[in-house]
Amino acid sequence: APWRLMMSLTPSRGCLLDLPWEDILVPHVLCHLPLQQLLSLQRVSKSFQALVQLYVANMRCFDSDQVGLAVPRAAFLNLLKDNKVLQQLALQNCSEWLTDRELLPVIRQNHHLHQIQLKGCAQLSCHALMAISLNCPNLRRLSLAHCEWVDSLSLRSLADHCKALEAVDLTACRQLKDEAICYLVQKCGRLKSLSLAVNANVGDVAVEETAKCCPELEHLDLTGCLRVRNDSIRVLAEYCPKLRSLKVKHCHNVAESSLSILRNRGVELDVEPLPQTALVLLQDMAGFAPFINLQI
């Protein structure tokens, strides 16, 4: 139990809590305890509760995975009510209860956030993204995967105010179309990682604009983007010399004829080319083997 660990550190004379809190206990003791144990430690005594509150008020990183499978709403509100120095916020385990009402106060009082993870937080609204845009000017990494409430207006706000973005995950943000993606990449040319996966509204226009505006791009996920075709993959190969990985599984209009350019450059792809024997057989039968990849 955490309190046994704390008591084992108690000096032979005096009490552990007599040590300087901000100089010793917070930076050198509590920082080694998992967040879940800190929650339990609060129940030992009022003094320990105050000590833990001091620690969490100065946390730079809050990750709901560290608390357990499901973070209680009350625990979340209590832990972050006084924190104004967060740099990383990950709330993927809070989707059952997290709404704008709980999130917006945290965002509005933390202007140093550079990484936010909201994957699967389906009960939020576009107001959450607007708040992030207006309060987090140094944001570099943002995951909005499976947040179908993200719309073009809130994404434009993000692009206007968070131009230091390096990684954005828009997987299954189904409201977004080419125009919204184009606006994002035009404003955020430092992007190194972008996911547009599982979005039937995204096509060649968005991919080509991404390629032309983001020369630092290293990772692009287009899984399930059915409107993406070979031409945009060729543009990607031309304008993104630093590309390291590309996902195009289930992009039925993307074939080996365009992927081979990237494959020959050492880019990691999530589909394999047909074996040479199969290519020869198909060429003999239909004459179009170089353009086919049956795994896509």
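Up top is the structure these notes are about.
Residues numbered from 1 in each chain as written. Predicted model: local features only at pLDDT ≥ 70, side-chain atom pairs only at ≥ 80, totals over all residues. Heavy atoms only, no water.

Observations regarding the environment of Leu 259
And then number 1: Among the structural elements, Leu 259 can be located in helix H12 (residues 256–263).
And then number 2: On the accessibility criterion, Leu 259 (0% relative accessible area) is buried.
And then number 3: Taking the C-alpha atoms as reference points, Leu 259 and Val 248, 11 residues apart in sequence, are found 9.4 Å from one another. (Helix = DSSP H or I, 4+ residues; strand = E, 2+ residues; numbered from the N terminus. Buried < 20%, exposed > 50% of the residue type's maximum accessible area, 1.4 Å probe, protein only.)

Quick notes on the pattern of salt bridges
And then number 1: If you walk through the whole model with that rule in mind, you get eight salt bridges.
And then number 2: In this structure, Lys 242 and Glu 216 form a salt bridge, with 2.6 Å as the shortest nitrogen-oxygen distance. Note that Lys 242 is positioned in the loop between helix H11 (230–239) and strand E8 (245–247) and Glu 216 in the loop between helix H10 (204–213) and strand E7 (219–221), a separation of 26 residues in sequence.
And then number 3: Linking Glu 218 and Arg 244 is a salt bridge whose minimum nitrogen-to-oxygen distance equals 3.3 Å. Remark: Arg 244 occurs in the loop between H11 and E8 and Glu 218 occurs in the loop between H10 and E7; sequence separation between them is 26 residues. (Salt bridge = Lys/Arg side-chain N within 4 Å of Asp/Glu carboxyl O.)

Description of the side chain of Ser 195
And then number 1: Along the polypeptide, Ser 195 turns up in strand E6 (residues 193–195).
And then number 2: Within the structure, the side chain of Ser 195 is placed 3.5 Å from the side chain of Asp 169, a separation counted as a polar contact.
And then number 3: For Ser 195, the residues in contact, after removing those within four places along its chain, are Val 168, Asp 169, Leu 170, Thr 171 and Asp 221. (Polar contact = N/O pair within 3.5 Å; in protein donor to acceptor, adjacent residues only side chain to side chain. Contact = heavy atoms within 4.5 Å.)

Some thoughts on the sheet that holds strand E3 (residues 115–117)
And then number 1: Strand order in this open sheet of nine strands is E1-E2-E3-E4-E5-E6-E7-E8-E9, and the pairing throughout is parallel. Both edges of this open sheet fall to strand E1 (61–63) and strand E9 (268–269), since each of them pairs with a single strand only.
And then number 2: Two strands pair when backbone bridges link them, and strand E2 (residues 88–90) and E3 are joined in this way by three bridges, in the parallel orientation. Each residue of the ladder has a partner; that of Ala 90, found in E3, is Gln 117. (Pairing = 2+ DSSP bridges.)

As for helix H7 (residues 126–135)
And then number 1: Listed as buried for H7 are Ala 128, Leu 129, Ala 131, Ile 132, Ser 133 and Asn 135.
And then number 2: Where H7 is buried, its residues meet helix H6 (100–108), E3, strand E4 (141–143) and helix H8 (152–161).

A closer look at the packing of aromatic side chains
And then number 1: What the rule picks out here adds up to two aromatic pairs.
And then number 2: Ring centres of Phe 62 and Phe 76 lie 5.9 Å apart, and the angle between their planes is 70°; on these two criteria the pair is classed as edge-to-face. Remark: Phe 76 occurs in helix H5 (residues 73–80) and Phe 62 occurs in strand E1; sequence separation between them is 14 residues. Judged on exposure class, the residue Phe 62 and its partner Phe 76 are both buried.
And then number 3: Measuring from centroid to centroid gives 5.3 Å for Phe 76 and Trp 97, while their planes differ by 55°, and the two rings are tilted. With a gap of 21 residues between them, Phe 76 in helix H5 and Trp 97 in the loop between E2 and H6 connect regions that are remote in the sequence. Each of the two residues, Phe 76 as well as Trp 97, counts as buried.
And then number 4: Through a chain of ring-to-ring contacts, three or more aromatic side chains come together here, namely Phe 62, Phe 76 and Trp 97.
And then number 5: The ring of Tyr 183 carries the charged tip of Arg 156 above its face, separated from the ring centre by 3.7 Å. (Phe/Tyr/Trp six-rings, centres within 6.5 Å; stacked < 30°, edge-to-face > 60°. Lys NZ or Arg CZ within 6 Å of the ring centre and 35° of its normal.)

Some points on the packing of H11 against H12
And then number 1: Relative to each other, H11 and H12 sit at 15°, their axes nearing to 9 Å. Judged by the angle between their axes, H11 and H12 are roughly parallel. Crossing of H11 against H12: the hand is left-handed. Where H11 abuts H12, its residues Asn 230, Ile 233, Arg 234 and Ala 237 lie against Ser 257, Ser 258, Leu 259, Ile 261 and Leu 262.
And then number 2: Each residue belonging to the contact of H11 with H12 can be placed in one class, and the counts come to five nonpolar, three polar and one charged. (Axes fitted to C-alpha atoms, helices over the stretch in contact; angles between N-to-C directions. Parallel < 35°, antiparallel > 145°, perpendicular 65-115°, else oblique. Left-handed = near helix turned anticlockwise from the far one by under 90°. Nonpolar A, V, L, I, M, F, W, Y, C, P; charged D, E, K, R; others polar.)

What about the environment of Val 248?
And then number 1: Note that Val 248 resides in the loop between E8 and H12.
And then number 2: Each C-alpha atom of the pair Val 248 and Thr 223 lies 4.7 Å from the other, and the pair is 25 residues apart in sequence.

Some thoughts on the packing of helix H9 (residues 178–187) against H10
And then number 1: For the pair H9 and H10, the least separation of the axes is 8 Å and the interaxial angle reads 5°. Here H10 runs roughly parallel to H9, going by the angle between their axes. In this structure, H9 contributes Asp 178, Ile 181, Cys 182, Val 185 and Gln 186 to the contact, and H10 contributes Val 205, Ala 206, Glu 209, Thr 210 and Cys 213.
And then number 2: Of the residues assigned to the contact of H9 with H10, the class counts are six nonpolar, two polar and two charged.

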